[in-house]
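Listed here are the chains, written in short residue letters.
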Amino acid sequence: MNRRRIYSNWFMVPAMAIFTVFFLIPTVISLFFSLTVWNFDSFTFCGLDNFKTFFSDESLYSSIINTMIYAILTCVLKLVLAFFLAVFLTSKIKTKNFLRSVVFFPNLISTVAVGITFSALMHPTKGLINQVITTFGGTSVDWLGNTDIALYSVILTDVWKGVGVATVIFIAGMQSIDKTFYEAAAIDGASAWQRLKAITVPLSRPAMNSVIILSFIGGLRTFDLIWAMTGGGPGYATEVMASTVYKQYAAGYYGLSTAGNVIMFALIALMAFPLQKFLLSKEVD
Amino acid sequence: MKKRRFWYLFGDIIGLFIAFIIFIVPFIFMLVNSLKERKDANLLSISWPDALRWENFIEVFQANDYQIVTAFKNSFILVIGSVILLIITGSMCGYIIQRRSDKVTGVVNALIMTGLMVPAAILPTIWVLQRIYLYKTITGMILIEVALNLPFTIMLYRGFMNSIPLELEEAGYIDGCSRWKLYSKIIFPLLKPVTSTVIVIKAVTVFNDFTNPLYFLPGSENATVQLTLYNFMGQFESSYNLLFADVILITIPMLILFIFFNKRIVDGMVAGAVKG
Amino acid sequence: MKKRVMAAFLSVLMITGLIAGCGSKENGKTEGKGEESKELSLLVDTTNAANEGFMAIVDLAEKELGMKINVETRPTSTEGDNVVKTRLASGDMADLCVYNSGALLNSLNPSEYFIDLSEQGFMERVDDSYKQAVSVDNAVYGIPFATSRGEAVLYNKEMYEKYNLEIPKTWEEFLSNCEVLKEAGETAVLGSFADSWTAQIVFLGDAYNLMTAVSDFPEKFDAGEMKWATTPEGLRSFEKLEDTTPYYNEDYLSMTYDEGCDVMVNGGAGHWFIMSNALSAMYSLYEDMDMVNNLGMFAIPGDDASVNGITMWYPVAIYGNKNSENQDAILEFMEFYISEAALDAYCEATLPDGPFCVKDYEIPVESYAAVADIQSYIDAGNYEPALEYISQVKGADCPAICQELASGQTTAAEAAQKYDEDCAKAATQLGLEW
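Residues numbered from 1 in each chain as written. Chains lettered and ligands numbered in written order. Predicted model: local features only at pLDDT ≥ 70, side-chain atom pairs only at ≥ 80, totals over all residues.

- An unreviewed UniProt entry lists chain C under the name Extracellular solute-binding protein, with Mediterraneibacter hominis given as the organism.

- An unreviewed UniProt entry annotates chain A as Sugar ABC transporter permease originating from Mediterraneibacter hominis.
- According to its UniProt record, chain A has this under Subcellular location (unreviewed entry): "Cell membrane".
- Note on chain A: under the UniProt heading Sequence similarities (unreviewed entry), the record states "Belongs to the binding-protein-dependent transport system permease family." (UniProt positions renumbered as here; feature names shortened; annotations may be inferred.)

What follows is the structure in structure tokens.
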């Protein structure tokens with residue numbers, strides 16, 4: 001049958017119309033303004049000066065490094081935790097429905113609210129986490145104030161909030177695995193660990209790829225949680241690309257800020273597209 | 001067999017215990033502190049309050065001239081409008097992209113991937129909104145939310161379409177169904193599980209969105225619930241009790257939604273959501 | 001077929017439009033009103049909106065002028081800046097806007113958006129040096145929103161008595177006081193750097209010392225001839241901030257400004273580099289005058305014992321929207337806002353944290369003890385406005401740079417260097433040739 005006749009391109013028009021008007025056009029306009037010194041209503045063309053300013057700024061590099069750490073760590077942690085959580089929550093335990101809801105729960109709270117709550121829990125003197133640590137004889141940690149630790153504290157909070165979605169994706173993937181594989185393996189006498197390695201891991205590969213791509217891109221773009229918890233500080237200790245761009249925008253350096261956006265997009269695209277290609281090629285095998 | 005049952009029980013207990021510590025304690029923390037007096041709440045301890053001060057919630061309601069009531073109304077309109085539009089446009093688009101793969105859908109696909117990566121440009125977007133007279137209107141805000149959330153929605157629908165066999169449409173086509181009927185009568189009902197997923201995930205995203213309404217929907221009469229939280233942060237910075245009371249108030253609607261759709265979320269998330 | 005799809009799409013749009021319509025009906029209320037109704041909107045950040053003195057004036061204005069003032073709040077700090085700039089850019093500013101005076105006003109491009117008040121009679125009442133802080137190119141744009149504040153050191157009198165300390169005249173003496181307190185196990189200096197703006201006070205409050213040593217620094221800095229990193233007196237301000245690092249409370253990077261107020265008023269620390277409006281915030285916590293009066297204020301000491309003066313922080317300003325239809329009502333409100341009656345109402349609602357920037361206005365009540373300390377500097381003529389009210393350029397990232405320095409991640413020289421680069425960005429945006 002003729003695919004073109006059944007599947008009309010017109011069906012894509014509503015989505016693409018909205019997407020174009022409210023996303024693509026503004027993005028293209030911003031490309032132009034990244035080459036200017038721009039205040040509200042007038043601009044002067046300045047060539048690549050904005051990009052030069054950005055690349056001569058030390059803090060850009062530290063923010064890129066922080067972004068990479070953030071994206072990789074949240075991605076890996078979510079991947080591993082969500083995988084085992086999903087294995088656990090697809091087993092025959094009785095409370096799995098309840099536990100599934102509980103794991104997804106943090107996702108319902110807004111980032112700002114999560115930021116407030118965890119800043120309170122991580123308070124160096126009064127915070128609950130430190131109180132528990134000191135009760136058990138440990139020394140308290142300045143979770144958000146210590147410049148070596150702050151970034152990792154935010155990363156852990158991010159994982160807390162985001163692991164639920166990753167788990168759901170994994171659960172969906174595992175549920176679609178044909179039960180007969182497991183039965184056959186059990187008859188062959190494979191141990192639980194062997195079954196996990198030989199069946200569950202390879203067959204939940206598509207789910208795994210979704211989790212990797214989504215949380216990696218999400219990590220590279222991260223902003224809200226960092227802003228709510230540390231504001232990029234202390235100093236620049238938790239500054240990421242998006243918060244650098246945001247600060248330029250807030251300062252009124254619109255040209256500079258859009259240039260930062262362009263750099264950020266280029267970096268993300270440079271990493272995300274090859275990653276996706278790589279993952280998909282693995283999937284086909 | 002007995003041994004196995006023991007292990008499952010053991011798993012139940014361990015699972016409940018860890019879930020309690022990691023996921024439930026923060027909520028208890030918020031709840032007890034929202035019911036304390038200001039001074040007690042500022043100690044940030046998880047002890048049970050001496051007296052339950054439900055007045056805190058009333059105070060939050062009354063703050064800024066009952067701003068939270070307006071905010072809830074605005075947020076609901078925003079969420080309902082965006083999710084309906086997302087479902088309709090996203091499912092149509094995802095359906096076509098998955099079913100026909102040629103140059104056009106390839107381009108569309110690539111554009112959508114960029115949507116996942118590029119942060120929205122604020123001022124240019126306002127510029128566009130003003131040209132079409134939608135700035136500061138909820139309609140405009142809805143369309144922005146739709147545009148920003150389409151990529152993920154389309155991905156979900158496209159992924160789910162993988163699991164729907166072609167035979168049904170072929171049969172429908174031979175029976176002389178129009179293209180529109182084919183989609184609306186045959187395909188769309190089959191997409192129900194993924195639609196549930198989209199409803200929950202996107203409702204939560206839009207409801208919890210703070211930055212976009214801050215820019216594209218200014219004005220106190222247009223405030224959304226997240227904005228009230230931000231206003232409270234300035235006003236009540238030293239009053240954790242009211243802050244947490246507000247957090248709880250604005251989490252409840254999504255909690256209710258989640259309880260309704262909880263069991264269906266998984267069904268829609270079919271593997272391969274981001275298949276290229 | 002195609003038509004049907006489009007029809008379906010359009011009908012959805014219409015439905016959402018209808019739903020949305022219900023929500024946006026009310027929007028019409030605040031817009032497009034004629035002048036006879038005298039309804040004004042005022043955009044202010046949440047922190048300033050909490051100022052009871054301001055609310056008292058608004059209430060009085062509604063009564064006396066028969067106006068309705070719709071106070072709209074916006075977030076503070078970075079988000080707030082964003083909101084103001086975005087709304088100006090999109091032509092959607094409220095009738096009245098509360099925003100910083102000084103260098104930050106420059107970055108708003110005020111001639112495009114705000115009413116020039118230089119011809120208005122009521123501006124005669126405003127202090128000349130404040131006028132300078134709200135002027136750009138000979139046009140004057142704002143009236144003072146609240147009182148001015150000392151940008152200096154709050155100190156704990158009880159502790160000073162207990163350890164036999166004297167008010168330091170030089171930076172060396174100050175540090176040795178801190179050393180005494182530290183050895184005694186007290187918190188010598190309170191840090192509340194979770195609100196990063198508080199980290200700048202040591203640096204910004206040192207302006208008096210810089211200005212007395214290098215009086216042409218602001219001009220030369222604006223002209224790009226002098227830099228912070230290469231001017232020893234300027235670098236000194238950063239060094240002072242660096243010097244304070246060992247004396248802070250353990251949780252100084254996590255403590256917020258509000259928590260700091262609570263600690264300070266309870267006598268929990270020896271010094272706090274802060275602005276004097278913290279006094280009102282402290283008073284509102286316990287409403288106990290004695291607790292607040294246990295605190296005094298002294299200027300950030302210099303290196304010469306004979307030079308001793310305080311840096312004053314000017315209040316934010318109220319600006320009138322040039323493109324609003326309610327010009328007359330805006331001017332009427334502004335005139336009223338700095339009238340004797342309005343200021344009296346302010347003082348009745350909350351005690352002033354420093355002098356008003358209005359000529360010949362005598363504060364009718366006795367305020368906090370620390371405010372008297374500030375006043376004595378002013379009476380002796382030993383004060384200077386903070387640099388941002390004289391210079392055009394203020395780097396936007398100053399809080400983060402100071403926070404980084406005070407937490408020991410950088411040295412004073414590196415911080416000064418960074419701040420120079422930060423200022424260069426601001427200068428580029430302002431179109432200055434550096």
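That covers the picture; the talk isn't over yet.
Let's talk about the overall build of chain A
Move 1: Counting secondary structure elements, chain A contains 14 helices and two strands.
Move 2: Taken along its principal axes, the extent of the C-alpha atoms in chain A is 75 × 75 × 30 Å.
Move 3: Counting contacts in chain A only where the partners sit at least 6 residues apart, residues at least 24 apart contribute 69% of the total. (Helix = DSSP H or I, 4+ residues; strand = E, 2+ residues; numbered from the N terminus. Contact = placed C-beta atoms within 7 Å.)

Remarks on the UniProt feature "transmembrane region" (unreviewed entry) in chain A
Residue and element names in this part refer to chain A.
Move 1: UniProt feature "transmembrane region" (unreviewed entry): in the numbering of this structure it lies at residues 12-40, 60-90, 102-122, 149-172 and 250-273.
Move 2: This span, residues 60-90, is 97% helix and 0% strand, and a straight line between its end C-alpha atoms measures 43 Å.
Move 3: Helix makes up 88% of residues 250-273 and strand 0%, with an end-to-end C-alpha separation of 30 Å.

Quick look at the UniProt feature "domain: ABC transmembrane type-1" (unreviewed entry) in chain A
Move 1: Taking the UniProt record as the reference, the feature "domain: ABC transmembrane type-1" (unreviewed entry) is found at residues 64-275 of chain A.
Move 2: Secondary structure over residues 64-275 of chain A splits into 73% helix and 0% strand, and the C-alpha atoms at its two ends are 18 Å apart.

A word on the interface of chain A and chain C
Move 1: Counting residues at the interface gives 27 residues for chain A and 27 residues for chain C.
Move 2: Of the residues forming the side of chain A that touches chain C, the biggest block, three residues, is contributed by helix 13 (residues 241-250) of chain A.
Move 3: For the side of chain A that touches chain C, the class distribution of residues is 14 nonpolar, eleven polar and two charged. (Nonpolar A, V, L, I, M, F, W, Y, C, P; charged D, E, K, R; others polar.)

Quick notes on the interface of chain A and chain B
Move 1: Listed per partner, the contact involves 77 residues of chain A and 75 residues of chain B.
Move 2: Among the elements that make up the side of chain A that touches chain B, the one with the highest residue count is helix 2 (residues 13-33) of chain A (14 residues).
Move 3: Counted by class, the side of chain A that touches chain B contains 49 nonpolar, 22 polar and six charged residues.

Topic: the confidence of the model for chain C
Residue and element names in this part refer to chain C.
Move 1: For chain C, per-residue confidence averages 86 on the pLDDT scale, and 91% of positions sit at 70 or higher.
Move 2: Per-element confidence in chain C ranges from a low mean pLDDT of 38 for helix 2 (residues 27-30) to a high of 96 for strand 8 (residues 189-190).
Move 3: Taken as a whole, residues 1-35 scores under 50 in pLDDT and shows 43 contacts with residues more than four places along the chain or in a different chain.
Move 4: Interface predicted TM-score (ipTM) for the complex: 0.85; the corresponding pTM is 0.83. (pLDDT = per-residue confidence, 0-100.)

Here's the deal with unusual backbone geometry
Negative phi characterises most residues that are not glycine, and trans characterises most peptide bonds.
Residue and element names in this part refer to chain C.
Move 1: Unlike most non-glycine residues, Asn-138 shows phi in positive territory, near 70°.
Move 2: Following the sequence through the fold, Asn-138 ends up in the loop between strand 4 (135-136) and strand 5 (139-140).
Move 3: Judged by C-beta crowding, with 7 C-beta atoms within 10 Å, Asn-138 ranks as exposed.
Move 4: A positive phi is found at Asp-360, a non-glycine position, where the angle reads about 60°.
Move 5: In this fold, Asp-360 is placed in the loop between helix 19 (340-349) and helix 20 (369-379). (Buried ≥ 20, exposed ≤ 12 C-beta atoms within 10 Å, placed from the backbone.)

Quick notes on the domain arrangement of chain C
Residues and elements named next belong to chain C.
Move 1: We note that the domain assignment places domain 1 (35-147 + 315-363) and domain 2 (149-313 + 371-430) within chain C.
Move 2: Listed by contribution, the elements that provide at least two residues to the side of domain 1 that touches domain 2 are helix 6 (103-106) and helix 8 (128-133).
Move 3: Each residue belonging to the side of domain 1 that touches domain 2 can be placed in one class, and the counts come to six nonpolar, ten polar and one charged. (Domains from an automatic or database assignment.)

Details of helix 4 (residues 103-117) of chain B
Since the α-helix turns once every 3.6 residues, residues separated by three or four places project in the same direction.
Move 1: Taking 1.5 Å per residue, 15 residues should reach 21 Å; helix 4 of chain B reaches 22 Å between its end C-alpha atoms and fits that length.
Move 2: Buried within helix 4 of chain B we find Ile-112, Met-113 and Gly-115 of chain B. Buried residues of helix 4 of chain B, viewed axially, fall in a sector of 150°; they line one side. When the buried face of helix 4 of chain B is taken as reference, the exposed residues oriented beyond 90 degrees from it are Lys-103, Gly-106, Val-107 and Ala-110 of chain B.
Move 3: Of the surrounding secondary structure, the elements contacted by the buried residues of helix 4 of chain B are helix 2 of chain A together with helix 6 (138-161) of chain B. (Expected span 1.5 Å × (residues − 1). Arc of directions from axis to C-beta.)

Observations regarding the pairing of strand 7 (residues 149-156) of chain C
Residues and elements named next belong to chain C.
Move 1: For strand 7, a buried count of eight out of eight residues is recorded, marking the element as mostly surrounded by other parts of the structure.
Move 2: Looking at chain direction, strand 7 and strand 11 (residues 310-313) are connected through two bridges and run antiparallel. Bridge pairing in strand 11 links Gly-150 to Met-312.
Move 3: Summarising the sheet, strand 7 and strand 9 (residues 271-275) pair through five bridges and their orientation is antiparallel. When the sheet's bridge partners are listed, Val-153 is paired in strand 9 with Phe-273. (Pairing = 2+ DSSP bridges.)

A short note on the nonpolar core
Move 1: Judged by nonpolar contacts, the single largest core of 294 residues is most densely connected at Phe-170 of chain A, Ala-147 of chain B together with Leu-154 of chain C.
Move 2: When residues of this core are assigned to domains, at least three map to each of domain 1 (35-147 + 315-363) and domain 2 (149-313 + 371-430) of chain C.
Move 3: Setting aside its immediate chain neighbours within four residues, Leu-154 of chain C contacts Met-264, His-271, Trp-272, Ile-274, Ala-278, Leu-295, Met-297 and Ala-370 of chain C. (Core = buried A, V, L, I, M, F, W, Y, C linked by C-beta atoms within 7 Å.)

Description of the packing of helix 4 (residues 52-65) of chain C against helix 18 (residues 327-337) of chain C
Residue and element names in this part refer to chain C.
Move 1: Relative orientation of the contacting elements helix 4 and helix 18 amounts to 120°, with a least axis distance of 11 Å. Judged on the interaxial angle alone, helix 18 and helix 4 are oblique. For the pair helix 4 and helix 18, the crossing hand works out as right-handed. Where helix 4 approaches helix 18, its residues Ile-57, Ala-61, Glu-64 and Leu-65 are matched on the opposing element by Glu-332, Phe-333, Phe-336 and Tyr-337.
Move 2: Class assignment of the residues belonging to the contact of helix 4 with helix 18 gives a composition of six nonpolar, no polar and two charged. (Axes fitted to C-alpha atoms, helices over the stretch in contact; angles between N-to-C directions. Parallel < 35°, antiparallel > 145°, perpendicular 65-115°, else oblique. Left-handed = near helix turned anticlockwise from the far one by under 90°.)

Quick notes on the packing of helix 14 (residues 232-244) of chain C against helix 21 (residues 398-406) of chain C
Residue and element names in this part refer to chain C.
Move 1: Running from amino to carboxyl end, helix 14 crosses helix 21 at an angle of 45°, the nearest separation of the two axes being 8 Å. Judged on the interaxial angle alone, helix 21 and helix 14 are oblique. The residues of helix 21 that touch helix 14, namely those facing Phe-238, Leu-241, Glu-242 and Thr-244, are Cys-402, Leu-405 and Ala-406.

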